[in-house]
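# Overview (structure and organization)
Listed below are the residues making up each chain.
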Number of protein chains: 2
Amino acid sequence: MLFRRAGAFSEAEVTAMDAALQAALGGPRGANPLVGAVVLGPDGRHLVSGFHRGAGTAHAEADAIKQARLQGINLEGATMVVTLEPCNHAGRTGPCSQAIIDAGITRVVYAVDDPHDPAAGGARTLTAAGVDVAAGLAAGEAAELNREWFDAVAAKRPFVTVHIAQTLDSRIAAVDGTSQWISSPESLRDNHGLRGLIDAILVGTETVLVDNPRLTARDPDGALAASQPLRAVMGLREVPADATVRGTDGRFIHLPTRDPAEALSLLFAEGARHVMVEGGSRILGAFLAAGLVDELIVYLAPTLLGSGTPALRDLGITTLADAQHWDWDDAGGGAVRSLGRDLRLHLRPGRTTENHENPTPGKDAAGSVTGGH
Amino acid sequence: MLFRRAGAFSEAEVTAMDAALQAALGGPRGANPLVGAVVLGPDGRHLVSGFHRGAGTAHAEADAIKQARLQGINLEGATMVVTLEPCNHAGRTGPCSQAIIDAGITRVVYAVDDPHDPAAGGARTLTAAGVDVAAGLAAGEAAELNREWFDAVAAKRPFVTVHIAQTLDSRIAAVDGTSQWISSPESLRDNHGLRGLIDAILVGTETVLVDNPRLTARDPDGALAASQPLRAVMGLREVPADATVRGTDGRFIHLPTRDPAEALSLLFAEGARHVMVEGGSRILGAFLAAGLVDELIVYLAPTLLGSGTPALRDLGITTLADAQHWDWDDAGGGAVRSLGRDLRLHLRPGRTTENHENPTPGKDAAGSVTGGH
């Protein structure tokens, strides 16, 4: 917060930061934080906005600058309002601080500092180039927007997404073990789309022994996607030499632990910044009980089984007051969407311990139900 | 189908019937069918529409005629297009056939005959009064609209609604039995609102012995609603003399059976046309397994328990191919709504046995996710 100046923000900048926070929700959660940017003209008029669409794509600032270029808008003397400190590192997409300087932008207002060591310094670079930099506007909202991501970065662990494909009565397989397919083709496609974006996919040895899954990202025709996640199996049992998950591409790893935190630590060391936990229910339960799930996606099929394998087993909860509370998450396309006949529910860990007698309806939930198609 | 005339419908009438079918969805399911009506002027122009808002309120035709009166629209020489044969009986709301004649409407187009004996004859009354009557337009769609209601009428049993208040992982109580409240205050209010509209509320003896519920319809302050459902308990065990459910108003009945069909038959004999089954899970399972649930409402709290009482137990299903398929139901406010922090899911029994490999996404599902507030 070196650059914070109390009361130094114009009304237009305050409004722009609100819009930037809203724009940020367009992006998906994962290895990178949600970031939104709005550029104001020298007269305070809204010129253009941008947001980050996920790892490997343009940062919000670069996205906004690109929008301006496409629309022939001159950004000389403009102000960039962005929810996170512009980066200073030449990653996959080039440093935003330099792009801002090159665009002729003369003032940058941002909400919170980038917590990464390699990236830190964007504000310094901008200041050194003569750009007026002010930080701290809507810092609380911006920190809340990426609460789980900041936590993961601080803990030096990957961001963790859990997918559950279940019936209305939360079964993931029938009594005889049949489970293909509980979800609609559209849900399966959504799941495979995410597999192509993450760094690693994690299951337990039990799942390997029972289901022998491939864990690859595939398109609807079954062809392998261009980008494949690391296939990780955790547990103390051996992974059979002929297990399909081993594959032949060297993208397989066995994590000899039952501890979710240790598994994440091992995956982080392998370079994974976004991990999807796919099951089974014992692994899901262990991650949930440990508070190590940052994002929960439930594909809810309008079907009933009445028996079979429950999606979750023991979370160590014995009374309702200790139930895990989740918040509806509007990021990345909405908290509730139709995927064919299924509903896709998107949630993030609840903010606080709620009062069960008088829960305050979250403002997220109110606006979270959106059309799917 | 006495009055069907192939090809005797104008383009305006066909369009109006589509609109009437759509309008019908505004009403709730229950003792009465969903009905929509559109009135066209002598020139075929859309004048006004109406729909039935549930038992005890105006029928769709009367609703449309009232709208016209409020707007000062003269219906002389108009055409009434309605999804169900106008009634002929003076029930709580007066016969629609007479209201149509009195309004000066000179043509009635309806989709399907009213299956009730007491009501049948509306078309004859209209014809006898010189009104031009044509039936059968969109008969298939209109029958499908109220499929479960027609089935219930034909079987001389009440329409059955099931409410489930569950966590994301489909638990209705924690391991220690605590269950108040899994749902949000808004969901509880919704449930009590429906209790005030139905004829009977049904639980098993087990629920009475374990939870000792009141089963009354109450407003948010706990005050009794004006209309109270019959409180029915089914099962072979005695209901304790001091069970709260007995109350003091004589609105209690013990149904000494474990058979859902027999319980419904007994309730029908008591005059009940809309029954809400509230649980427990054994009773729910028995009704679901018997195919005796016409409407399923799930209050889905964004919480996880991981253990405790599942919403459903055995439905007699052992393999995924036999799973019960449900359709999202847009009637009565939408298939998916926000109620505070909860989602309210509204479903009806699936139309056909689906192909699990290649399910066709229902057109209902696509448009079914709607904003809640």
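Shown above is the structure to which this text applies.
Summarised in this report is the structure supplied together with it. (Residues numbered from 1 in each chain as written. Chains lettered and ligands numbered in written order. Predicted model: local features only at pLDDT ≥ 70, side-chain atom pairs only at ≥ 80, totals over all residues. Heavy atoms only, no water.)

## Notes on the overall build of chain A
- The secondary structure content of chain A amounts to 11 helices and 17 strands.
- In chain A, which comprises 373 residues, the share counted as buried stands at 55%.
- Considering only contacts within chain A whose residues lie at least 6 apart along the sequence, 72% involve residues at least 24 apart. (Helix = DSSP H or I, 4+ residues; strand = E, 2+ residues; numbered from the N terminus. Buried < 20%, exposed > 50% of the residue type's maximum accessible area, 1.4 Å probe, protein only. Contact = heavy atoms within 4.5 Å.)

## Considering the layout of surface pockets
All names here are of chain A.
- Roughly 1,300 Å³ of internal volume is contained in the second largest pocket.
- Within the residue set of the lining of the second largest pocket, elements represented by two or more residues are β6 (159–167), β7 (171–173), α7 (185–195), β8 (200–204), α8 (205–211), β11 (274–279) and α10 (281–289).
- Class assignment of the residues belonging to the lining of the second largest pocket gives a composition of 17 nonpolar, 17 polar and 10 charged. (1 Å grid on protein atoms, 1.4 Å probe; cavity = no way out; pocket = protein on both sides within 12 Å on 5 of 7 lines; lining within 4 Å. Points joined across faces, edges and corners; volume = space filled by probe spheres on them. Nonpolar A, V, L, I, M, F, W, Y, C, P; charged D, E, K, R; others polar.)

## A closer look at the sheet that holds strand β3 (residues 79–84) of chain A
Residue and element names in this part refer to chain A.
- Read across the sheet, five strands follow the order β2-β1-β3-β4-β5 without closing on themselves; strand pairing throughout is mixed. Where the open sheet ends on each side, the last strands, each with one partner, are β2 (46–51) and β5 (132–135). For this sheet the average axis-to-axis angle between neighbouring strands, irrespective of direction, equals 15°.
- The pairing of strand β4 (residues 107–112) with β5 spans four bridges and is parallel. Bridge pairing in β5 links valine 109 to alanine 134. (Pairing = 2+ DSSP bridges. Axes fitted to C-alpha atoms, helices over the stretch in contact; angles between N-to-C directions.)

## Some remarks on the side chain of arginine 157 of chain B
Residue and element names in this part refer to chain B.
- Position of arginine 157 among the secondary structure elements: in the loop between α6 (147–154) and β6 (159–167).
- A residue is classified by how much of its surface remains accessible, and arginine 157, at 12% relative accessible area, is buried.
- Of note is the side chain of arginine 157, whose polar atom sits 2.9 Å from the side chain of aspartate 294.
- Discounting residues that sit within four places of it in the chain, arginine 157 has contacts with Ala152, Leu264, Phe268, Leu292 and Asp294. (Polar contact = N/O pair within 3.5 Å; in protein donor to acceptor, adjacent residues only side chain to side chain.)

## So, the environment of serine 183 of chain B
Residue and element names in this part refer to chain B.
- Within the fold, serine 183 resides in the loop between β7 (171–173) and α7 (185–195).
- What makes serine 183 buried here is its relative accessible area of 4%.
- When the C-alpha positions of serine 183 and cysteine 96 are compared, they lie 40 Å apart, and in sequence the two are 87 residues distant.

## So, unusual backbone geometry
- Of note, the amide linkage connecting glycine 279 of chain A to glycine 280 of chain A takes the cis form, showing an omega dihedral of 0°.
- Residue placement: glycine 280 of chain A occurs in the loop between β11 and α10.
- Of note in the backbone geometry, lysine 156 of chain A takes a positive phi value of approximately 50° without being a glycine.
- Along the chain, lysine 156 of chain A turns up in the loop between α6 (147–154) and β6.
- With phi around 45°, asparagine 212 of chain B is a residue other than glycine that occupies positive phi space.
- Considering the arrangement of structural elements, one finds asparagine 212 of chain B in the loop between α8 (205–211) and β9 (230–234).
- For asparagine 212 of chain B, a relative accessible area of 36% translates into the label partly exposed.

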